[in-house]
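Next come the chains, spelled out residue by residue.
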Amino acid sequence: MKTFKTIALLLVGTVSSLLLMGCGEIDTGTNTSAWEKETAAVVAEEPETEIILGDIGGASTLQEAVADFNGKNDGITIIIHDYCEENISDGISCLYDDILTGKGPDIIIFSTDEMDVEVLTEKGAIENLIPYLEKSDVIGEEDIVDSAYQVLTADGGLYMLPTNFVLYTLITKEKWCSNKENFTFEEALRAVRECEEDPMISRDLFLQEGAICGGYSGETEDNRLEQYIKIAEQLPQQAMFQTNDLLMREGKIPFNLECIGDMQQYLYKKSIWGEDAVYTGFPGAEGKGRIFIFDNCFAINSQSAHKEEAWKFVESYFTEEGQKTIAPNWNFSILQDVLDQQLSDSRKQEYYQTSDGKREKLPILTYEIGSTYENVYAAQDEDIQDVREMINNTKVMQRSDLPLIGITQAEALYYFNGEKSIEETAAAIRNKIDEMPNAKNAQPDMDVIINIGDFSVSLYEGEQEILGKLDEMGLLYEKVEDSDNKKYNYYYNVGDGEAQFIQVYFLEKECVRIRISSNETFAHTSRGIYSGNSYSQMVDQYGDSYEKHTYMGKERYTIYRYALGECFHEFGIPGEATGEIYNVDVYVSGQMPIYDYGEEIVED
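Owing to the predicted nature of the structure, the values given are computational and were not obtained by experimental measurement.

A. View of a negative patch on the surface. A contiguous patch of negative charge, built from E134, E141, E142, D146 and E472, is present on the exposed surface. The topology assignment puts E472 in helix α19 (residues 463-473).

Set out below in structure tokens:
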């Protein structure tokens, strides 16, 4: 590591000093030689910034990217910490623990089939990257494949930025799926019942991916759940790899789950299944039932002291040079222009000359099926269009933390073993989902939400998610340490520069209280009440079943408190009861606001 800067002028100055003082002459006043005086004047460099990059598996491409970055950036050193020294599961658990306890790396790299970003997002442990995109001269929202960006920002923020992606999609035959846009439950059930061979997908995997893509839910009125269980009943408990490709071509296997990451994979699988092959999605699902698996995802630790330097490394993957040298673009690129080029390149057909002078197509690959060899050639326009539509219509990404998955898989065993009817099994699944107050697929309690213009913030949301929304709205916010009553860690004043609309209070990076403090209609409760409304308007929306507290300080002040589920609403009205609402508070149980209203008036 460099400690001092040495420049030519220093040498010139040193020689001059030596000539003036006499070679080797000592300054007896300070006992310091002329050379020592000059070198003492050299200013020490700033210490290098060390950035820890947490990885699962230590890919060679990552090592090359880090070496390239370190060589080009003085003052910044990226150090790789591989969490997967023994096995992936333990490594992921260790990485989660480090991040959530504040000891984690500055940058995290993973793929969505390795770990789920939802937990880290909810805890406010990773940065919202939208503000970084907005400031970047290298990559912006408009550069990213739109359908992928919509999925990545479905919760209002961008908490990981992948370089590439693949698609989970089903492949089958036209006789089983008459319309690739809609693989019906009837067709899927007929396929698994009539085929001679089992699909290469297990019961648990079918139920898992069906839940992820939204093929069914735990809602009472959603009868898709029963249909998924009936189809899963026909599938093997454990998927077996099928070595006889002819079974697929001959239509003896109903369907299979394929991972398509480039045009060559698409063309190869299509060739195996034959001319009547159909790429489709899971039945009854949103976005045609396909799923994004994002690869090479980068996230930045919200506790990092070097966020800008961390972003600079992430950004390096998306430069023109980075795309040519370090981005692993063997899968579909997240960048629209690179993806377009990948698809365009796949149609380039090369030729060779035979010994008798004929011009023949050069295959992109050759494979054996049965006892013969078959060639796969460059993509046609209809192939490229098919893949574009698959990508554009995908609406969800792979994840592993949906409570519906584990509950469905466990309860369905009772039906598969003949211990419960399909009706009893579905009812048990729905009851367990209903019993989970924080289930991921539960509808949000509208009474914990405060609307700000066209956006909203709610109790239990993480700090980074809320700040990401405020950034997107262009609102200003100021962090204030809550040093007075010690009830919260801190809060944010939120406004537009002229007025403050709300204060958002946090405890351990989770929102526990929201206060509307301005008589503007811009901020209002989910039922439409804002500061400036009257007592009668409050009662019209919230009813008269409130807890009333009246105080006498500088003036009479009355609080109307409503208990709504797991939260409370308070409406404060100074003066007479028919006056205007001065402030609105929404808070979780146990986080009652503390105000100095004066002495409470006990009224019979």
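B. Quick peek at the sheet that holds strand β24 (residues 547-552). The strand order across the open sheet built from 9 strands is β19-β20-β21-β22-β27-β26-β25-β24-β28, with neighbouring strands paired in antiparallel fashion. Since the sheet does not close on itself, it has two edges, and those belong to β19 (476-481) and β28 (599-601), each with one partner. Strand-to-strand twist in this sheet, taken as the mean axis angle between neighbours without regard to direction, amounts to 25°. Examined bridge by bridge, β19 and strand β20 (residues 490-495) share 6 bridges and lie antiparallel to one another. Following the sheet pairing, Y477 is matched in β20 by V494. Packed on one face of the sheet, helix α20 (residues 535-542) meets β25 (556-564) and β26 (567-574) and runs near 10° to β25.

C. Seen up close, empty space enclosed by the protein. The final tally for this structure, using the stated rule, is 1 cavity of 30 Å³ or more. Empty space within the largest cavity amounts to approximately 50 Å³. In the lining of the largest cavity, the residues fall into 1 nonpolar, 1 polar and 5 charged.

D. Main features of the confidence of the model for the chain. On average, residues of the chain carry a pLDDT of 84, and 86% of them reach 70 or more. Per-element confidence in the chain is highest for strand β11 (residues 332-333), whose mean pLDDT is 98, and lowest for helix α1 (residues 8-21), whose mean pLDDT is 34. Confidence drops under a pLDDT of 50 for residues 437-444, and excluding neighbours within four residues, the segment shows 13 contacts in the predicted structure.

E. Main features of the packing of aromatic side chains. All chains considered together, the criterion is met by 31 aromatic pairs. An angle of 40° between the planes, with centres 5.7 Å apart, marks the rings of F206 and F282 as tilted. One end of the pair, F206, is in helix α9 (residues 203-212); the other, F282, is in the loop between β8 (277-280) and β9 (291-295), and 76 residues separate them in sequence. Both residues of the pair, F206 and F282, belong to the buried class. Geometry around Y351 places R359 over its ring, the cationic atom sitting 3.7 Å from the centre.

F. Molecular detail of the nonpolar core. By size, the foremost hydrophobic cluster in this structure holds 84 residues, and its most contacted members are L161, F165, F294 and F313. Ranked by the residues each element gives to this core, the list is headed by helix α12 (residues 263-273), at 5 residues. Dropping the residues within four chain positions of it, F165 is found in contact with V145, G261, F292, I293, F294, D295, N331, F332, S333, I334, L339 and I391. Formed by 41 residues, the second largest nonpolar core is a distinct cluster that contains A188, L189, V278 and I433.

G. Just unusual backbone geometry, in detail. Here N296, not a glycine, exhibits a phi torsion of approximately 55°, which is positive. With respect to the helices and strands, N296 occurs in the loop between β9 and β10 (297-300).

H. A look at the pattern of salt bridges. If you walk through the whole model with that rule in mind, you get 27 salt bridges. Salt-bridge contacts for K180 lead to D386; the nearest nitrogen and oxygen are separated by 3.0 Å. With K180 in the loop between β6 (164-173) and α8 (185-194) and D386 in helix α16 (residues 381-393), the pair connects residues that are 206 residues apart, well separated along the chain. A relative accessible area of 30% places K180 in the partly exposed class. Using a relative accessible area of 9% as the deciding quantity, one classes D386 as buried. When the shortest N-O distance is used, the salt bridge between K420 and E411 registers 3.4 Å. Judged by its relative accessible area of 5%, E411 is buried. One network of salt bridges, in which partners are shared, links D68, K72 and E321.

About the thresholds
- Residues numbered from 1 in each chain as written.
- Predicted model: local features only at pLDDT ≥ 70, side-chain atom pairs only at ≥ 80, totals over all residues.
- Heavy atoms only, no water.
- Patch = residues over 30% accessible without salt bridge, like charges linked within 9 Å, V, L, I, M, F, W, Y side chains within 5 Å.
- Areas by Shrake-Rupley, 256 points an atom, 1.4 Å probe, with all protein chains shown as cover.
- Salt bridge = Lys/Arg side-chain N within 4 Å of Asp/Glu carboxyl O.
- Lys, Arg positive; Asp, Glu negative; His and termini not counted.
- Charge placed at Lys NZ, Arg CZ, Asp CG, Glu CD.
- Helix = DSSP H or I, 4+ residues; strand = E, 2+ residues; numbered from the N terminus.
- Pairing = 2+ DSSP bridges.
- Axes fitted to C-alpha atoms, helices over the stretch in contact; angles between N-to-C directions.
- Contact = heavy atoms within 4.5 Å.
- 1 Å grid on protein atoms, 1.4 Å probe; cavity = no way out; pocket = protein on both sides within 12 Å on 5 of 7 lines; lining within 4 Å.
- Points joined across faces, edges and corners; volume = space filled by probe spheres on them.
- Nonpolar A, V, L, I, M, F, W, Y, C, P; charged D, E, K, R; others polar.
- pLDDT = per-residue confidence, 0-100.
- Phe/Tyr/Trp six-rings, centres within 6.5 Å; stacked < 30°, edge-to-face > 60°.
- Buried < 20%, exposed > 50% of the residue type's maximum accessible area, 1.4 Å probe, protein only.
- Lys NZ or Arg CZ within 6 Å of the ring centre and 35° of its normal.
- Core = buried A, V, L, I, M, F, W, Y, C linked by side-chain atoms within 4.5 Å.

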